[in-house]
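# Breakdown of the fold
Residue strings, one per chain:
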Amino acid sequence: MTDHENAQHAAHSMDFITQFLLSVPFLIGMLLYLLAFLFSKQKNRPWPKYRTALWMTGSVLCLITVAGPMASAAHQNFTIHMLGHLLLGMLGPLLMALAAPVTLLLQSLPTRYAKKVTIILRSPFFHFLSNPVVPAVLNIGGLWVLYTTGLYSMMETVILVHVLVHLHVFLAGYFFAATLLYIDPIPYRSSYLYRSLVLITALAGHKILSKVIYAFPPEGVPRAEAETGGMLMYYGGDAVDIIIIIILCYQWYQSSGRKVDSRRSMPTYLSLITKSIIIFKFSFHLFYVYIYHSTVKQLI
């Protein structure tokens, strides 16, 4: 075999190993969720089918990112890689968090085991992790490290680094969504104002990074792909962020104890959604402009 053929064979082997290692956790997660759904049904505790659909959809989005043609193409094209980031680190984890897996687990387990899970959730580790600042730093900070250092090029050549980076992107994205929206029971809760401020800061960090990628491509990435990937990160992230904003503001509205008149529910909800997006976007852009002009401009 020639050196070129050896290199192709090594790349193919690495691709197969990484795809296998990354797809197994999601396949197991889908199976366990279905089993918990069936156990809950046997105990006459019905579980909403839409939550099961959310879990399956989120899992599939993550699966197509780490295994199959898209995963292989992401090694060669940064734009496809960035699309994978949006699915694996943002949309997929958000849908899975909305599926309330911890609630289903507690509902399907016998009481004595459910109590043990509750004890674990009340441990100092989960107390630390339930602070939304921690997942936000792990999520956005991890992306800054990935795209502004040599870690990105290392991820493409070292199997262990590749697997760990993808697992980190998913887990950070999942806990970020979970600690902002509180779909599952969380013993240690932060106020809506605090979570909103964390969200605004995280949005600014994500958008500034997308512009840094646009202006300063990661090592080994062609400029054209970096520009397309940066724009995809900027506008694609917007679409997912709007979902989080709407849900968070809706929860905040309901927590005030106000009821929506059923005869006027649609106009009221539309008004709430519009005002939520305007307020968050205005607050975000104020913070974004300040940070961007005080930091990124110094790099150019």
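Here, every reference points to the structure presented above.
Attention now goes to the overall build of the protein. Helix and strand counts for the protein stand at 13 helices and 0 strands. Secondary structure of the protein in N-to-C order comes out as α-α-α-α-α-α-α-α-α-α-α-α-α. Contacts in the protein between residues at least 24 apart in sequence constitute 77% of all its contacts with a sequence separation of at least 6. Total accessible area computed for the protein in this model is approximately 16,000 Å², and 70% of it derives from carbon and sulfur atoms.

Once that is clear, we can look at the nonpolar core. Most often, soluble globular proteins have nonpolar side chains that are buried together. Grouped together as the largest cluster of nonpolar side chains are 61 residues, with contacts concentrated most on Y147, L199 and I213. Elements that contribute at least two residues to this core include exactly α1 (3–42), α2 (49–66), α4 (78–98), α8 (133–148), α9 (151–155), α10 (159–181), α11 (192–215) and α12 (223–255). Each residue touching Y147, except ones within four places of it in the same chain, is listed here: F78, H81, M82, H85, Y152, L209, I213 and P218.

Attention now moves to α2. Between its first and last C-alpha atoms α2 spans 26 Å; for 18 residues at 1.5 Å apiece the expected length is 26 Å, and the two agree. Along α2, the residues that are buried comprise R51, T52, L54, W55, M56, G58, S59, L61, C62, L63, T65 and V66. Residue G68 follows α2 closely and has a positive phi angle near 105 degrees.

Below, the discussion takes up the environment of P48. In this structure, P48 sits in the loop between α1 and α2. Owing to a relative accessible area of 29%, P48 belongs among the partly exposed residues under this scheme. Residues P48 and A99, spaced 51 residues apart in sequence, show a C-alpha to C-alpha distance of 9.2 Å.

This part is about the pattern of salt bridges. Going through the model one piece at a time under the given rule, you end up with 1 salt bridge. Salt-bridge contacts for K207 lead to D238; the nearest nitrogen and oxygen are separated by 2.8 Å. Highlighted residues: K207 in helix α11 and D238 in helix α12, separated in sequence by 31 residues.

Bringing the packing of aromatic side chains into the picture now. The final tally for this structure, using the stated rule, is 10 aromatic pairs. A ring pair is formed by F78 and Y152, whose centres lie 5.6 Å apart and whose planes are at 80 degrees; its orientation type is edge-to-face. Taken together, the residues F78 in helix α4 and Y152 in helix α9 connect sequence positions 74 residues apart. The burial state of F78 is the same as that of Y152; both residues are buried. On the numbers, 5.7 Å between centres and 15 degrees between planes, the contact of Y192 with W252 is stacked. In this pair, Y192 sits in helix α11 while W252 sits in helix α12, placing the two residues 60 residues apart along the sequence. Judged by relative accessible area, which is 21%, Y192 ranks as partly exposed. On the accessibility criterion, W252 (35% relative accessible area) is partly exposed. One aromatic cluster in this structure is built from F26, F170, Y174 and F175. Across the ring face of Y192, the terminal group of R195 is positioned such that the distance to the ring centre comes to 4.3 Å. A cation over an aromatic ring shows up here: K207 above the ring of Y234, its NZ or CZ 3.8 Å from the ring centre.

If you check the backbone angles, N44 has positive phi at about 60 degrees while not being a glycine. One non-glycine residue, A100, lies in the positive phi region at around 50 degrees. Among the secondary structure elements, A100 is positioned in the loop between α4 and α5 (101–108). Given the relative accessible area of 2%, A100 is considered buried.

About the cut-offs
- Residues numbered from 1 in each chain as written.
- Predicted model: local features only at pLDDT ≥ 70, side-chain atom pairs only at ≥ 80, totals over all residues.
- Heavy atoms only, no water.
- Helix = DSSP H or I, 4+ residues; strand = E, 2+ residues; numbered from the N terminus.
- Contact = heavy atoms within 4.5 Å.
- Areas by Shrake-Rupley, 256 points an atom, 1.4 Å probe, with all protein chains shown as cover.
- Core = buried A, V, L, I, M, F, W, Y, C linked by side-chain atoms within 4.5 Å.
- Buried < 20%, exposed > 50% of the residue type's maximum accessible area, 1.4 Å probe, protein only.
- Expected span 1.5 Å × (residues − 1).
- Salt bridge = Lys/Arg side-chain N within 4 Å of Asp/Glu carboxyl O.
- Phe/Tyr/Trp six-rings, centres within 6.5 Å; stacked < 30°, edge-to-face > 60°.
- Lys NZ or Arg CZ within 6 Å of the ring centre and 35° of its normal.

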